[in-house]
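# Structural features, examined
Each chain, written out:
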Amino acid sequence: MDNFNRRNMLKAGGVAGAAGAIALIAPSTPWTWSPAGSVPGTGSGADPRGAWDYEADPVVAGLLDRGEVPRVNELLKHWTKNSQPLPAGLPAELRDFMEHARQLPSWADQGKLASAVNFNQKRGTYLGVLYGFASGMMSTVIPKEARAVYYSKGGADMKDRITKTAKLGYDIGSLNAYQPDGEMVVTCVKTRLAHAAVRHLLPQSPHWVNSAPEDIPISQADIMVTWHSLPTTVMRNLKKWNVRIAPDESEGFLHSWQLAAHLLGVEDQYIPASWNEADSQAKQVLDPILAPTPEGIKLADILLSLGMNLDLTLLTRPILGALTRFMLGNEVADWLRIPTEPVWTPLLETAWGPYLIVREGGLDLGVPEEAYWLFDEFLRQFVLFYMSEIRMPINISIPVINNPN
Ligand code: HEM
């Protein structure tokens, strides 16, 4: 049964009709990940596919309905630092929500955050590439995310959206991410508000309604799916490349992302306590749902073309495509219709791992000089592009419209 009919059944109401429709849209496999593996180690275990953000959603829906968002966005433009007081003039219910949402949880651990800094400092360069080409490209094969992004306002200007998303990757990796003078808390709270707006706006987009199976986007489970496309996928790749990471740094990196999930509004009972738990949750919620969609294929095409206007010889579409194939594998690359590249694909497969080992200060097991130079130069150009975009003040705002195209 197509979505349109399913929705009509829901709208038609009536006990029998509604019950039948709900059964049809109910997720096919039960949610079985236990809250025993979460940060608090306990929780109701309720299926997060049926939970959204009960605190932020009504507040932002009210702002949108009353036309207050442009004024709020203007006020929040200069709210950038974690310890900065909120600007005067915000609607009372928004202020109350934000004062509460900006608090770090009791389990925030400064020692672990210090180790995260070490991790990010040592691997900052290729973390950027991983966030971009493992996590960013993976988002195009997460069907619900691809559709949400494509039909929301950000879908109309992907470069702007990437820059704003990259700000989160930059903020979480900066030395003072969660410190009073850092920006990660602000970035997360603003993103939480943007997500709440998307939940109100996308159900008004006929394009989204006709293509998405769910009635409300960005559930608690969806956020964790995307979360796994970030730290879990980064860690899986680093492991695959045999990068040796000190246990405290690995734990610190995880902790910085556990805090991000909390600040994005995910209930603690869904946040994995360890990498093992993260991996077990990802096996359930991320790996099986990856799939191509027309929207995701178009988004991937746009993403791979973003480097084209730059005067950087190695950020070309074929090389970026080869990198995606290398990081996400042949199946995903084929879904996204990324052609194989005759030089970079074999080069990455044979020399990237040994190159990283040398870069990490390990034994040089004979990386060809040419390959070493190419990889170094690629990373240099990537950082040049990435940093120049990120250095400008970037402001995450609450959208008021969907993609008008
Ligand atoms: C907006 C990050 C999960 C869909 C944003 C923004 C950031 C962000 C930084 C602001 C960018 C902007 O204003 O353009 C994250 C992170 C997530 C996550 C770190 C999980 C850990 C999701 C999920 C979905 C989603 C699961 C959909 C299923 C969107 C959409 C926007 C947005 C549609 C609004 C773009 C716009 O129209 O302005 N997200 N997100 N996000 N996110 Fe997420």
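Just above, that's the structure.
The text that follows walks through the structure, step by step, so that each part is easy to find. Note that the coordinates shown come from a computational prediction; the quantities given were computed from them, not determined experimentally.

Glancing now at the nonpolar core. Counting 115 residues, the largest nonpolar core has Met98, Tyr178 and Phe378 as its most contacted members. The element contributing the most residues to this core is helix 6 (residues 110-138), with 11 residues. Shared between two domains, this core holds at least three residues of each, these being domain 1 (60-100) and domain 2 (294-390). Setting aside chain neighbours within four positions, we find phenylalanine 378 in contact with Val129, Leu314, Leu315, Ile319, Leu320, Leu323 and Trp344.

Turning our eyes to something else, we now look at helix 9 (residues 184-201). Relative to the 26 Å expected for 18 residues at 1.5 Å per residue, helix 9 spans 25 Å between its end C-alpha atoms, a close match to the ideal helical length. Most of helix 9 sits inside the fold, with 16 of its 18 residues counted as buried.

So, about the coordination of the iron atom of the ligand. For the iron atom of the ligand, the sole protein-derived donor is His195 (NE2), lying 2.1 Å away. The topology assignment puts histidine 195 in helix 9.

Bringing the packing of helix 11 (residues 220-240) against helix 13 (residues 275-285) into the picture now. Taken N-terminus to C-terminus, the directions of helix 11 and helix 13 make an angle of 125 degrees; their axes are 10 Å apart at the nearest point. By the angle between their axes, helix 11 is oblique relative to helix 13. Crossing geometry of helix 11 relative to helix 13 is assigned as left-handed. Only Trp275, Ala278, Asp279, Gln281, Ala282, Lys283 and Val285 of helix 13 make contact with helix 11, whose side of the interface consists of Met224, Val225, Trp227, His228, Pro231, Thr232, Met235 and Arg236. Taken together, the residues of the contact of helix 11 with helix 13 break down into 9 nonpolar, 3 polar and 3 charged.

On to the packing of helix 14 (residues 294-305) against helix 15 (residues 317-328). It is at 8 Å that the axes of helix 14 and helix 15 come closest, and there the two elements cross at 125 degrees. Taken together, helix 14 and helix 15 sit at an angle that is classed as oblique. Across from Asp301, Leu304 and Ser305 in helix 14, the residues of helix 15 making contact are Arg317, Leu320, Gly321 and Thr324. In the contact of helix 14 with helix 15, the residues fall into 2 nonpolar, 3 polar and 2 charged.

A few words now on empty space enclosed by the protein. Under the criterion given, the structure shown has 2 cavities of 30 Å³ or more. As for the largest cavity, its lining consists of Asn73, Leu76, Lys190, Leu193, Asn395, Ile396, Ser397 and Ile398. For the lining of the largest cavity, the elements supplying multiple residues, two or more each, are helix 4 (69-76) and helix 9. For the lining of the largest cavity, the class distribution of residues is 4 nonpolar, 3 polar and 1 charged.

Turning next to the environment of proline 272. Along the chain, proline 272 turns up in the loop between helix 12 (247-263) and helix 13. When its relative accessible area of 0% is taken as the criterion, proline 272 is described as buried. In this structure the C-alpha to C-alpha distance between proline 272 and serine 34, which are 238 residues apart in sequence, comes to 9.7 Å. When neighbours within four sequence positions are excluded, proline 272 is seen to be in contact with Trp33, Gly37, Ser38, Val39, Met224, Trp227, His228, Gln258, Glu277, Ala278 and Gln281.

This next bit is on the packing of aromatic side chains. This model, assessed by the stated rule, comprises 13 aromatic pairs. Where tyrosine 355 meets tyrosine 372, the ring centres are 4.9 Å apart and the plane angle is 70 degrees; that geometry is what we call edge-to-face. Here the residue tyrosine 355 occupies a position in helix 17 (residues 344-359), and tyrosine 372 occupies one in helix 18 (residues 369-391), the gap between them amounting to 17 residues. The exposure class assigned to tyrosine 355 is buried, which follows from its relative accessible area of 0%. Put simply, the rings of Trp241, Phe326, Trp344, Trp352, Tyr355, Tyr372, Phe375 and Phe378 touch in pairs and so form one group of aromatic residues.

This part covers the pattern of salt bridges. By the definition in use, this model includes 24 salt bridges. For glutamate 68, the salt bridge goes to arginine 66, with nearest N and O atoms at 3.2 Å. Between aspartate 301 and arginine 317 there is a salt bridge, and its shortest N-O distance comes to 2.6 Å. You can see aspartate 301 sitting in helix 14 and its partner arginine 317 sitting in helix 15, a full 16 residues away along the chain. Connected via shared salt-bridge partners are Lys81, Lys167, Asp171 and Glu183.

In the neighbourhood of the ligand, 20 residues make up the surrounding shell, with Lys153, Gly154, Arg161, His195 and Thr226 lying closest. Mapped onto the shell around the ligand, the elements with two or more residues apiece are helix 7 (143-151), helix 8 (158-173), helix 9 and helix 11.

About the criteria used
Residues numbered from 1 in each chain as written. Predicted model: local features only at pLDDT ≥ 70, side-chain atom pairs only at ≥ 80, totals over all residues. Heavy atoms only, no water. Core = buried A, V, L, I, M, F, W, Y, C linked by side-chain atoms within 4.5 Å. Buried < 20%, exposed > 50% of the residue type's maximum accessible area, 1.4 Å probe, protein only. Helix = DSSP H or I, 4+ residues; strand = E, 2+ residues; numbered from the N terminus. Domains from an automatic or database assignment. Contact = heavy atoms within 4.5 Å. Expected span 1.5 Å × (residues − 1). Donors = N, O, S within 2.8 Å, 3.2 Å for Na, K, Ca; no water. Axes fitted to C-alpha atoms, helices over the stretch in contact; angles between N-to-C directions. Parallel < 35°, antiparallel > 145°, perpendicular 65-115°, else oblique. Left-handed = near helix turned anticlockwise from the far one by under 90°. Nonpolar A, V, L, I, M, F, W, Y, C, P; charged D, E, K, R; others polar. 1 Å grid on protein atoms, 1.4 Å probe; cavity = no way out; pocket = protein on both sides within 12 Å on 5 of 7 lines; lining within 4 Å. Points joined across faces, edges and corners; volume = space filled by probe spheres on them. Phe/Tyr/Trp six-rings, centres within 6.5 Å; stacked < 30°, edge-to-face > 60°. Salt bridge = Lys/Arg side-chain N within 4 Å of Asp/Glu carboxyl O. Near = heavy atom within 4 Å.

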